[in-house]
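Listed below are the residues making up each chain.
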Amino acid sequence: MTRIALSLLLAASAALAQDYPSRPVRIVVPLSPGGFSDTPARILAPRLSEQFGRQFYVENRPGAGGTIGWDFVAKSAPDGYTLAITGNTLLVGAHLYKNVPYDALKDFTHITMMASGPYVLVVNPQKVPVNSVRELIASAKAKPGAIDYASSGNGSSQHLVGALFNSMAGVQLNHVPYKGSGPAMQDLLGGQVGVSFAGVPNVLGQVRSGKLKALGVTTPKRWFALPDVPTIAEAGVPGYEATLWLSISGPAGMPAPIVQRLYAEISKALQDPGLRESFRAVGVEPDATSGEELMRYMRSEDEKWGKVVKETGATVN
């Protein structure tokens, strides 16, 4: 390529990035409103609207564990005007569902990590009167299959986090899927089920009031909002770790200048003290990484959760 041609190409790329976006940008959340994926997206979108001078808005497209929404994004034009919230569930779904219509790694442009956080292993103390992870394991081993754990649905992160716990702790907590985290929490508080791996914001008030007891967090380190609650690894299941994370992606083949600008602006937004505090209030830490770093992490996570699905026999009914 001649210097003149290269200069023209660079100028065109710069112009493309500067002109973007010229119309509203849709951020698809492939799950129901109000959940782990939805709330951070709704915090971030207005900040991006402010920075770009164009509207960024959230559109929920739930169904089939997220596959409907992600398939829509994968098949959209790779022009930067349709993005998606991705994360653990995108990778897990490829192992749980038959005939997933996209490749989770190849059919998307993975732009940046957005946030990460733990689930909390909680029990209803009236239903399951234990005070530690070790006591829960002992109780579950004494009566295999007698203790239920609630999740937001088959194939959800809560489902797989529980399946990993079963495998590593050598127990048989019985999985009870619900249609969303709200109904699961309602039945946990009502005593219809005894255990759940729940998002911090969903249980913090109930833990502090004594309605639920927190036994451990799923992350490798203790969580700032629950400093007295141990990690599950230190509480009785060595090596256990299940960090819930969210990322931002678009269709495969997005122009590099647009990807780079999105990464730069998202990173800038995630450094804002007000936004960081808002993220922490809903139970996640802002966590921007480059697309290359994200892809390395996603490959390792894909391998990990693929093994969990295979070894535990977790399925979608």
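My aim in this report is to walk through the structure given alongside it, one point at a time. (Residues numbered from 1 in each chain as written. Predicted model: local features only at pLDDT ≥ 70, side-chain atom pairs only at ≥ 80, totals over all residues. Heavy atoms only, no water.)

Considering the sheet that holds strand β11 (residues 285-286)
Alright, step 1. Taken together, six strands build an open sheet; the order of strands is β2-β1-β3-β10-β4-β11 and the sheet is mixed. On the outer flanks of this sheet lie β2 (56-60) and β11, each paired with one strand and no other.
Alright, step 2. Strand direction decides the pairing type here: strand β3 (residues 82-87) and strand β10 (residues 244-251), joined by four bridges, are antiparallel. Looking across to β10, one finds that Ala84 is bridged to Ser249.
Alright, step 3. Lying on the sheet, helix α4 (residues 88-96) is in contact with β3, β4 (108-117) and β10; it crosses β3 at an angle near 75 degrees.
Alright, step 4. Along the sheet, helix α10 (residues 256-270) makes contact with β2, β3, β4, β10 and β11, crossing β4 at roughly 10 degrees. (Pairing = 2+ DSSP bridges. Helix = DSSP H or I, 4+ residues; strand = E, 2+ residues; numbered from the N terminus. Contact = heavy atoms within 4.5 Å. Axes fitted to C-alpha atoms, helices over the stretch in contact; angles between N-to-C directions.)

Observations regarding the environment of Glu265
Alright, step 1. Mapped onto the elements of the fold, Glu265 is located in helix α10.
Alright, step 2. Linking Glu265 and Pro220, residues 45 residues apart in sequence, is a C-alpha distance of 29 Å.
Alright, step 3. Polar side-chain contacts of Glu265 include one of 2.7 Å to the side chain of Gln51. (Polar contact = N/O pair within 3.5 Å; in protein donor to acceptor, adjacent residues only side chain to side chain.)

Considerations on the pairing of strand β8 (residues 195-199)
Alright, step 1. With five of its five residues buried, β8 lies for the most part within the structure.
Alright, step 2. With five bridges connecting them, strand β5 (residues 119-123) and β8 associate as antiparallel partners. If you follow Val120 over to β8, its bridge partner there is Ala198.
Alright, step 3. With two bridges joining them, strand β6 (residues 148-151) and β8 adopt parallel strand pairing. When the bridges of β8 are listed, Ala150 appears paired with Ser196. (Buried < 20%, exposed > 50% of the residue type's maximum accessible area, 1.4 Å probe, protein only.)

Digging into the environment of Ile27
Alright, step 1. Note that Ile27 resides in strand β1 (residues 25-29).
Alright, step 2. Expressed as a C-alpha distance, the spacing of Ile27 and Ala84, which sit 57 residues apart in the sequence, is 5.1 Å.
Alright, step 3. Not counting residues within four places of it along the chain, the set of residues in contact with Ile27 comprises Ala45, Phe56, Tyr57, Val58, Glu59, Leu83 and Ile85.

Considerations on the sheet that holds β6
Alright, step 1. Read across the sheet, five strands follow the order β7-β6-β8-β5-β9 without closing on themselves; strand pairing throughout is mixed. Each edge of the sheet is formed by a strand with only one pairing partner; in this case those strands are β7 (174-177) and β9 (213-217). Adjacent strand axes in the sheet meet at a mean angle of 30 degrees when their direction is disregarded.
Alright, step 2. Along the sheet, helix α5 (residues 133-142) contacts β5, β8 and β9; its crossing angle with β9, the most-contacted strand, is approximately 100 degrees.
Alright, step 3. Lying over the sheet, helix α6 (residues 157-169) contacts β5, β6, β7 and β8, oriented at roughly 150 degrees with respect to β6.

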